[in-house]
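Notes for the structure review
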Amino acid sequence: MAPSEGIVKFRCDYTPAPALPATELRELNAWRKLLVLTQLIGQDPNRYGGYGFGNISCRLNSEEARECERAFVITGTQTGGIADLTVEHYVVVKACYPDENYLIAEGPVGPSSESLTHGTIYALDSSIRWVMHAHSPHIWRHAQALSIPVTGPVPYGSPEMAAEVRRLYKESDLKETRIFAMAGHEDGIVTFGRTAEEAGFVLLGYLVRAMQL
Ligand SMILES: [Zn+2]
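Presented here is an overview of the structure given in this document. (Residues numbered from 1 in each chain as written. Predicted model: local features only at pLDDT ≥ 70, side-chain atom pairs only at ≥ 80, totals over all residues. Heavy atoms only, no water.)

**Overview of the overall build of the chain**
Broken down by element type, the chain carries 6 helices and 10 strands. A compact globule built from 213 residues should have a C-alpha radius of gyration of about 17 Å, and the chain, at 15 Å, falls within 12% of that. Its C-alpha atoms put the chain at 45 × 35 × 30 Å along the principal axes. The contacts of the chain with a sequence gap of at least 6 include a subset with a gap of at least 24, amounting to 66%. Only carbon and sulfur atoms are counted for the fraction: they give 53% of the accessible area of the chain, which is about 9200 Å². For the chain, the distance from the average site of its 19 positive side-chain charges to the average site of its 25 negative ones is 2 Å. (Helix = DSSP H or I, 4+ residues; strand = E, 2+ residues; numbered from the N terminus. Rg over C-alpha atoms; globule rule 2.2 N^0.38 Å. Contact = heavy atoms within 4.5 Å. Areas by Shrake-Rupley, 256 points an atom, 1.4 Å probe, with all protein chains shown as cover. Lys, Arg positive; Asp, Glu negative; His and termini not counted. Charge placed at Lys NZ, Arg CZ, Asp CG, Glu CD.)

See below:
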């Protein structure tokens with residue numbers, strides 16, 4: 001069970017602001033649509049208490065930005081159930097402090113409940129520019145068979161999750177696999193990469209492998 005799926009638990013300094021131009025969101029929105037079609041992002045009355053699940057983000061500013069100031073654009077809170085998003089459904093996280101459970105966001109909608117996990121991943125390495133959080137029963141149940149690093153059973157979007165992600169990055173081969181499973185978050189999978197293709201193809205590749213088990 002993931003009883004707290006979708007519930008925003010962090011402190012958020014949120015300022016309403018106009019949407020980003022469509023040209024800046026086109027690639028993000030196309031990948032999100034693909035993840036909706038493959039049911040890796042979505043909303044289903046029979047899954048996770050009916051809450052929307054999954055989200056996608058990409059970095060905005062240059063690689064030189066400081067760890068906690070690596071701005072990224074992410075889907076807004078509870079947008080999982082919307083098939084086609086518009087620019088109004090994306091929000092910019094300008095700074096993210098996972099250990100303090102705090103972030104600063106600006107845009108037409110509040111940030112996704114899993115923004116802290118995205119921010120934690122961007123802080124790992126300045127070359128990471130895309131993060132995808134999907135819910136896949138196939139991959140999650142076969143994480144061990146697929147040699148996917150798995151976090152401890154900590155709640156999603158928490159400082160404990162941030163610590164777990166950093167631990168895996170240091171102690172497992174997460175840097176190479178670019179995918180991990182969240183033991184405390186039913187079906188929760190995260191992939192990342194320098195490009196959308198890198199993050200997206202890792203996710204789809206593991207899904208296809210899991211479906212063969
Ligand atoms: Zn999730």
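Let us keep going from here.
**Considering the packing of aromatic side chains**
One pass over the full model with this rule turns up 5 aromatic pairs. Arranged with centres 5.1 Å apart and planes meeting at 80°, the rings of Tyr48 and Phe53 form a pair that is edge-to-face. On the accessibility criterion, Phe53 (2% relative accessible area) is buried. Taking 6.3 Å as the distance between ring centres and 55° as the angle between the ring planes, the aromatic pair formed by Tyr169 and Phe192 counts as tilted. Of this pair, Tyr169 sits in helix 4 (residues 159-171) while Phe192 sits in strand 10 (residues 188-193), and the two are 23 residues apart along the sequence. In this structure Phe192 comes out as buried when scored by relative accessible area, which is 1%. (Phe/Tyr/Trp six-rings, centres within 6.5 Å; stacked < 30°, edge-to-face > 60°. Buried < 20%, exposed > 50% of the residue type's maximum accessible area, 1.4 Å probe, protein only.)

**Regarding the coordination of the zinc ion**
Protein coordination at the zinc ion: the donors are Glu114 (OE), His133 (NE2), His135 (NE2) and His185 (NE2), at 2.1 to 2.6 Å from the metal. For the zinc ion, the 4 donor atoms are set out with angles of 81 to 156° between them, so the coordination reads as irregular. Residue class for His135 comes out buried when judged on its relative accessible area of 0%. (Donors = N, O, S within 2.8 Å, 3.2 Å for Na, K, Ca; no water. Tetrahedral: all angles 85-135°; square planar, octahedral: opposite > 155°, others 65-115°.)

**Let's talk about the packing of helix 2 (residues 115-124) against helix 4**
Any two packed helices are characterised by how steeply their axes cross, that is the angle between the axes, and by the distance between the axes. At a closest axis distance of 9 Å, the pairing of helix 2 and helix 4 adopts a crossing angle of 30°. Handedness of the crossing formed by helix 2 with helix 4: right-handed. Contact residues: Thr117, Thr120, Ile121 and Leu124 in helix 2; Met161, Ala162, Val165, Arg166 and Tyr169 in helix 4. Residue composition of the contact of helix 2 with helix 4, by class: 6 nonpolar, 2 polar and 1 charged. (Axes fitted to C-alpha atoms, helices over the stretch in contact; angles between N-to-C directions. Left-handed = near helix turned anticlockwise from the far one by under 90°. Nonpolar A, V, L, I, M, F, W, Y, C, P; charged D, E, K, R; others polar.)

**Comments concerning the packing of helix 1 (residues 22-37) against helix 6 (residues 196-210)**
In the contact formed by helix 1 and helix 6, the axes pass within 11 Å of each other and the chain directions differ by 5°. Between helix 1 and helix 6, the interaxial angle falls into the category roughly parallel. Contacts between helix 1 and helix 6 involve Glu27, Trp31, Leu34 and Leu35 on the former and, on the latter, Ala196, Glu197, Gly200, Phe201, Leu203 and Leu204. Grouping the constituent residues of the contact of helix 1 with helix 6 by class yields 7 nonpolar, 1 polar and 2 charged. (Parallel < 35°, antiparallel > 145°, perpendicular 65-115°, else oblique.)

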